[in-house]
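# Examining the three-dimensional arrangement
Residues per chain are reported as follows:
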Amino acid sequence: MDIMNILKIITAIITVILAFIVGIIELKKNPEYWLNRWFALFFSAISLGFLFYTIYHFILFNPAPIIPLMITAQILYHLGLVSVLMTVFVLDYSETVAMSVKYLLIILVIFILSIFGYFIWIPTLNMERFEQGIVDTETPLAWYIYVSIFRIAILIYILYKFWSISKKFEGEEKTRVLWFFIGSIVNVAGIFMNMLGGIISSLLLEIIGLALFNVGALLTLKGFLVK
């Protein structure tokens, strides 16, 4: 395994640990409030996603479990995406409204639309690179583009809503939402760079993307620690 792949795995492991810790801290701050619960689910799903991501990159002797693990990781990433979208609904419409059947169904539909293609256009493993000791999964281009655009559209909407919502609050609540906004910007930058790295096969961009996501997680945590 070359040095860049090792660095990518190390960064992913750091993301697993950090995202899990951030999720636990946020949940403990107010375990009864759905805002904290959805943010905790977001970071927990991302943490588990990168855990599966890390595991399948260590499988160099049997290719069979790699693609199922890769798809599981992608599903967890999208679970995280819809979870952070739910935080927007909670902040914008109130906890009661956001947890109504209407908004839960919206989230369910978005989630299904974001993952269905993994079971139709199934990713493959580059066997030539696998024989060289490198795990390199390849997602069919049309589905990869669809997923990428889908993610970017949802993330832009989330950023826009956080910025709009911040204008509704004053004092401590405004500061908290602004930290969520700043953290989300960094998270989006990280996700975009990681995605771009996958498109152009740049491990460096993927590593930078993971590092930026970790910074974004800490900035989001800062919002929960505002007093």
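Residues numbered from 1 in each chain as written. Predicted model: local features only at pLDDT ≥ 70, side-chain atom pairs only at ≥ 80, totals over all residues. Heavy atoms only, no water.

The next subject is the overall build of the protein. The helix and strand tally for the protein stands at 9 helices and 2 strands. The secondary structure elements of the protein, listed N-terminal to C-terminal, are α-α-α-α-α-β-α-β-α-α-α. Of all 227 residues assigned to the protein, the portion counted as buried reaches 49%. Long-range pairs, those at least 24 residues apart, make up 72% of the contacts in the protein between residues at least 6 apart in sequence. Of the roughly 10,900 Å² of accessible surface on the protein, a fraction of 74% belongs to carbon and sulfur atoms. Separation between the mean location of the 14 positive side-chain charges and that of the 13 negative ones in the protein comes to 11 Å. (Helix = DSSP H or I, 4+ residues; strand = E, 2+ residues; numbered from the N terminus. Buried < 20%, exposed > 50% of the residue type's maximum accessible area, 1.4 Å probe, protein only. Contact = heavy atoms within 4.5 Å. Areas by Shrake-Rupley, 256 points an atom, 1.4 Å probe, with all protein chains shown as cover. Lys, Arg positive; Asp, Glu negative; His and termini not counted. Charge placed at Lys NZ, Arg CZ, Asp CG, Glu CD.)

Evaluated as defined, the whole model comprises 19 aromatic pairs. When the centroid spacing of 5.8 Å and the interplanar angle of 35° are considered together, the rings of Tyr146 and Phe150 count as tilted. One end of the pair is Tyr146 and the other is Phe150, both in helix 7 (residues 141-166) and 4 residues apart, which spans about a single turn. A network of ring pairs unites the aromatic residues Phe116, Tyr118, Trp121, Trp143, Tyr146 and Phe150 as a single cluster. Here the guanidinium or amino end of Arg37 rests over the ring plane of Trp34, the centre of that ring lying 4.6 Å away. (Phe/Tyr/Trp six-rings, centres within 6.5 Å; stacked < 30°, edge-to-face > 60°. Lys NZ or Arg CZ within 6 Å of the ring centre and 35° of its normal.)

Our focus in this paragraph is the nonpolar core. Residues Phe39, Phe43, Phe50, Tyr56, Ile158 and Phe162 are the most contacted members of the largest nonpolar core, which totals 59 residues. Every element with two or more residues in this core is listed here: helix 1 (3-29), helix 2 (34-57), helix 3 (66-93), helix 5 (101-115), helix 7, helix 8 (171-200) and helix 9 (203-224). The element best represented in this core is helix 3, accounting for 16 residues. Non-local contacts of Phe50, meaning those with residues more than four positions away in its chain, are made with Ala12, Thr15, Val16, Tyr77 and Leu210. (Core = buried A, V, L, I, M, F, W, Y, C linked by side-chain atoms within 4.5 Å.)

Before going further, it helps to spend a moment on the packing of helix 3 against helix 7. At a minimum axis distance of 10 Å, the contact between helix 3 and helix 7 shows a crossing angle of 25°. Relative to helix 7, the element helix 3 lies roughly parallel. Here helix 3 runs over helix 7; the crossing is left-handed. Facing helix 3, whose interface residues are Gln74, Tyr77, His78, Leu81, Val84, Leu85, Thr87, Val88, Phe89, Leu91, Asp92 and Tyr93, helix 7 presents Val147, Arg151, Ile154, Leu155, Tyr157, Ile158, Lys161, Phe162 and Ile165. Looking at the contact of helix 3 with helix 7 residue by residue, the classes come out as 15 nonpolar, 3 polar and 3 charged. (Axes fitted to C-alpha atoms, helices over the stretch in contact; angles between N-to-C directions. Parallel < 35°, antiparallel > 145°, perpendicular 65-115°, else oblique. Left-handed = near helix turned anticlockwise from the far one by under 90°. Nonpolar A, V, L, I, M, F, W, Y, C, P; charged D, E, K, R; others polar.)

Before going further, it helps to spend a moment on a nonpolar patch on the surface. Nonpolar side chains collect at one region of the surface, where Val101, Leu105, Leu108, Val109, Ile112, Leu113, Phe116, Phe119, Ile120 and Trp121 lie side by side and expose about 950 Å² of accessible area between them. Residue placement: Leu113 occurs in helix 5. (Patch = residues over 30% accessible without salt bridge, like charges linked within 9 Å, V, L, I, M, F, W, Y side chains within 5 Å. Salt bridge = Lys/Arg side-chain N within 4 Å of Asp/Glu carboxyl O.)

The next point concerns the pattern of salt bridges. In total, this model carries 4 salt bridges according to the counting rule given. Between Arg129 and Asp136 there is a salt bridge; the shortest N-O distance is 3.1 Å. Look at the salt bridges and you will find they share partners, linking Asp92, Lys161 and Lys168 into a network.

When pLDDT is low, close inspection of the predicted coordinates is not appropriate. When pLDDT is averaged along the protein, the result is 86; 97% of the residues meet or exceed 70. Of all the helices and strands in the protein, helix 8 carries the lowest mean pLDDT, 79, while helix 5 carries the highest, 95. (pLDDT = per-residue confidence, 0-100.)

Contact geometry of helix 2 with helix 9 gives a least axis separation of 12 Å together with a crossing angle of 160°. With respect to helix 9, the element helix 2 is oriented roughly antiparallel. By crossing handedness, the relation of helix 2 to helix 9 is classed as left-handed. Judged by residue contacts, Leu35, Asn36, Phe39, Phe42, Phe43, Ile46, Phe50 and Tyr53 of helix 2 engage Glu206, Leu210, Phe213, Ala217, Thr220 and Phe224 from helix 9. Its residues assigned to classes, the contact of helix 2 with helix 9 shows 11 nonpolar, 2 polar and 1 charged.

Turning our eyes to something else, we now look at the environment of Val177. Looking at the element boundaries, Val177 is found in helix 8. Taking the C-alpha atoms as reference points, Val177 and Leu113, 64 residues apart in sequence, are found 28 Å from one another.

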